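Understanding the architecture of this molecule
Chain by chain, the residues:
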Amino acid sequence: MTTAQEIARRRTFAIISHPDAGKTTLTEKFLLYGGAINLAGSVKGKATARHAVSDWMEIEKQRGISVTSSVLQFEYDDCCINILDTPGHQDFSEDTYRTLMAADSAVMVIDGAKGVEPQTKKLFKVCTMRHIPIFTFINKMDRDALDTFDLLDDIEKNLGIDTCPMNWPIGSGKAFKGVFDREHNEVITYADTQKGTKEGTQTRIPIEDEERILQEVGADAAEQLRDEIDLLDGASAAFDIEAVRAGMLTPVFFGSALNNFGVEIFLQHFLEMAPCPSARNTDQGPVDPVEDGFSAFVFKIQANMNKAHRDRIAFIRICSGKYEIGMDVKHVQSGRIQRLSQPQQLMASDRKILSEAYAGDIIGIFDPGLYSIGDTFCLPKSGFRYEGIPTFAPEHFARVRQVDTMKRDQFVKGISQIAQEGAIQIFRELHTGMEEIICGVVGMLQFDVLQFRLKSEYNVDIILEPLPYEHIRWITKCDTDVMKITGTTDMKRIEDLKGNPLLLFINPWSVQMVLDRNDGLELSEFSRG
């Protein structure tokens, strides 16, 4: 197979949703259909008391939530699929944003009983910033769901995107019988999925075969379906693949990931409609995935995925060309020509060494501590950089101290590594070194993760002392003397690990007061890296 053919069969997408909408369960079912796993374990289901394949960190298994993005690759129907499973909890939205930078499209999972939830809105905004196609799977139809038309209306009003239902649910909750496939004009029913652990069997009945439909779904459901189909044909937006690829129209599918209803149909349609890798912007213009040689960027760093080795893995998204083991590449930020160390394909925490990979693939490489999020790799003769990944401003701050002063080295190493992953940001008092560490996070749950990981991975107990600050600003002019700034009573001067000066404020209005009092002072909400 040529490089162009390999790239054309790649589909790289992120799954986003509100916590508990069933995102990780849906990911597992894709793997089940792709033959990557034999038995899908529900994240919370007692019937199959197993942890999800994509949740590898100990805290994820304990709480039944995803707190890091994980990467899963499998084959289905001659497509090579890379799934990026993201944390649904809003406290980890920054990790989700970085993951969306590596995806070519997104699958949005919505709980049929709740509709669009606050977190979905926040993540959807991130998708619209990237202008990537969005495919919607309305999940949990095996529970009592909202009216189907209301669900579609909810998506259109709250997210500002047109919807086009590709199939239609027949009932919900205990009355959920299956789905109507609009493209093929067939009613599809399901059986024998063994509580969703197996693929089960599906029966397709042409809409004209009224007698069989009556037998399968009952008279009331059959009549309601006919009424809804008539209404739907007049009310919904027509399917337009160009609008889908521009991120203006979302194809909508219904089903139950837990019971394997509608999952494979969704997967098949998705693979037909989702784009393969396309050109990406750099500081020297767009880079074509097929025509140009190997290039990639780092979108995530994760320490201690293998506790036995205390390693650090940089996840890179290949954007163009083919990677072959042993090839020389340039790390653009440092200018070093090197060979990528231990390139591997990951299935959550399981891994296998790769000999080749193509544009669209996500690979993990050993990071000796040189790489940062947003770094570019390319062929030795090139020197372009992919667009950077902005840093979210933290909203919660705490002073962090270790309980046992004898474990100072482990503490500094641990907190520095977790900060380099982008999970937290750390700051220090001006000119004090690492004596006083101030930790900033986007969501409070990240403090719990920090405490848990320092204990389990570095054997360090910490004390977190919450600080009242909620607003942070970087000082953009390098020649500003931070000690001469006329501040407010609620302002604190700190610096990041690169020595960039910052200001913390308790009250939002204090930011403007400080700008008014100091002529020429420029403050920014984003880190300049």
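The coordinates are above.
Residues numbered from 1 in each chain as written. Predicted model: local features only at pLDDT ≥ 70, side-chain atom pairs only at ≥ 80, totals over all residues. Heavy atoms only, no water.

Moving on to the overall build of the protein. Assigned secondary structure in the protein consists of 13 helices and 31 strands. For the protein, the proportion of its 529 residues judged to be buried stands at 56%. Sequence separation of 24 or more characterises 69% of the internal contacts of the protein that already satisfy a separation of 6 or more. Surface accessibility of the protein: about 22300 Å² in total, with carbon and sulfur atoms responsible for 48%. (Helix = DSSP H or I, 4+ residues; strand = E, 2+ residues; numbered from the N terminus. Buried < 20%, exposed > 50% of the residue type's maximum accessible area, 1.4 Å probe, protein only. Contact = heavy atoms within 4.5 Å. Areas by Shrake-Rupley, 256 points an atom, 1.4 Å probe, with all protein chains shown as cover.)

What follows concerns helix α11 (residues 408–420). End to end, α11 covers 18 Å across 13 residues, agreeing with the expected 18 Å (1.5 Å per residue, within 8%). Inspection of α11 places F411, G414, I415, S416, Q417, I418 and A419 among the buried residues, and these make up the whole buried set. Remark: G422 follows α11 within two positions and exhibits a positive phi of approximately 90 degrees. (Expected span 1.5 Å × (residues − 1).)

A few words on the packing of α11 against helix α12 (residues 445–458). The contact between α11 and α12 brings their axes to 10 Å, and the two run at 125 degrees. Between α11 and α12, the angle falls in the class oblique. Of the two possible hands of crossing, α11 and α12 adopt the one that is right-handed. Here Q410, G414, I415, Q417 and I418 of α11 come into contact with α12, specifically with L450, R453, L454 and Y458. (Axes fitted to C-alpha atoms, helices over the stretch in contact; angles between N-to-C directions. Parallel < 35°, antiparallel > 145°, perpendicular 65-115°, else oblique. Left-handed = near helix turned anticlockwise from the far one by under 90°.)

Attention now goes to unusual backbone geometry. Positive phi, normally seen in glycine, also occurs at D77, with a value near 55 degrees. On the basis of relative accessibility, which here comes to 63%, the residue D77 falls in the exposed class. The backbone phi angle of D78 is positive, close to 65 degrees, even though this residue is not glycine. Note on placement: D78 falls in the loop between β2 (70–76) and β3 (79–85). Among the residues examined, D78 registers a relative accessible area of 56% and is labelled exposed.

Membership of the largest hydrophobic core comes to 58 residues, with the highest contact counts inside it found for L84, I138, L225, F254 and F299. Broken down by element, this core gets its largest block of residues, five residues, from helix α8 (residues 219–235). What I138 contacts, discounting residues up to four positions off in sequence, is I110, G112, L151, I155, V252, F253, F254 and G255. Grouped together as the second largest cluster of nonpolar side chains are 31 residues, F13, Y76, V244 and V263 included. (Core = buried A, V, L, I, M, F, W, Y, C linked by side-chain atoms within 4.5 Å.)

This part covers the pattern of salt bridges. If you walk through the whole model with that rule in mind, you get 21 salt bridges. Among the salt bridges present, the one from D361 reaches R10, with a minimum N-O distance of 2.7 Å. With D361 in the loop between β21 (356–358) and β22 (362–366) and R10 in strand β1 (residues 10–17), this pair connects stretches of sequence that are 351 residues apart. Just as D361 is buried, R10 falls in that class too. The shortest N-O distance in the salt bridge between R453 and E457 comes to 2.9 Å. With a gap of four residues between them, R453 and E457 both fall in helix α12, about one helical turn apart. Here R453 falls in the buried class, since its relative accessible area comes to 3%. Classification of E457 as buried rests on a relative accessible area of 4%. (Salt bridge = Lys/Arg side-chain N within 4 Å of Asp/Glu carboxyl O.)

Along the chain, Y386 turns up in the loop between β23 (376–378) and β24 (396–402). Along the primary structure Y386 and G374 are separated by twelve residues, whereas in three dimensions their C-alpha atoms are 7.5 Å apart. Residue contacts for Y386: discarding those within four places in its chain leaves R280, N281, T282, V287, S295, A296, F297, C319, S320 and T376. In terms of polar contacts, Y386 uses its side chain to reach the side chain of S295, at 2.5 Å. (Polar contact = N/O pair within 3.5 Å; in protein donor to acceptor, adjacent residues only side chain to side chain.)

As a further point, take the side chain of T282. Residue placement: T282 occurs in strand β12 (residues 280–282). Separated by 3.0 Å, the side chain of T282 and the backbone nitrogen of Q284 make a polar contact. Polar side-chain contacts of T282 include one of 2.5 Å to the backbone oxygen of G285. Ignoring any residue separated from it by four or fewer positions in sequence, one finds T282 in contact with V287, F384, R385 and Y386.

With that settled, consider the sheet that holds β24. As a general point, the strands of a sheet are linked pairwise by backbone hydrogen bonds and lie either parallel or antiparallel. On the basis of which strands lie adjacent, the open sheet formed by eight strands has the order β27-β24-β26-β25-β29-β30-β28-β31 and antiparallel pairing. Strands with a single pairing partner mark the edges of an open sheet, and in this sheet they are β27 (462–467) and β31 (523–524). Pairing of strand β28 (residues 471–475) with strand β30 (residues 501–505), which is carried by four bridges, proceeds in the antiparallel orientation. Bridge pairing in β30 places W474 opposite L502. Contacts between α12 and the sheet are confined to β24, β26 (437–441) and β27, with β27 contributing the most and set at about 160 degrees to the helix. (Pairing = 2+ DSSP bridges.)

Attention now moves to the packing of helix α2 (residues 23–33) against helix α10 (residues 263–273). Packing of α2 against α10 leaves a shortest axis separation of 10 Å and a crossing angle of 80 degrees. For the element pair α2 / α10, the angle class is roughly perpendicular. Contacts between α2 and α10 pair L26, K29, F30 and Y33 from the former with V263, E264, F266 and L267 from the latter. Across the contact of α2 with α10, the residue classes tally to six nonpolar, no polar and two charged. (Nonpolar A, V, L, I, M, F, W, Y, C, P; charged D, E, K, R; others polar.)

The next point concerns the packing of aromatic side chains. Tallying each qualifying case throughout the model produces 16 aromatic pairs. Ring geometry for F253 against F266: centres 5.0 Å apart, planes inclined by 65 degrees, an arrangement best described as edge-to-face. You can see F253 sitting in strand β11 (residues 249–254) and its partner F266 sitting in helix α10, a full 13 residues away along the chain. Under the relative-accessibility criterion, F253 is labelled buried at 0%. Each residue in the set F13, F30, F135, F137, F253, F266 and F270 is aromatic and connected to the rest through ring pairs, giving one cluster. (Phe/Tyr/Trp six-rings, centres within 6.5 Å; stacked < 30°, edge-to-face > 60°.)

Attention now goes to the pairing of strand β5 (residues 134–139). Of all six residues in β5, six are buried; the element is thus mostly enclosed. By the alternation rule, side chains of β5 split into I134, T136 and I138 and F135, F137 and N139, which are all buried. Relative to β11, β5 runs parallel, the two sharing three bridges. In the strand pairing of β11, F137 is matched with F253.

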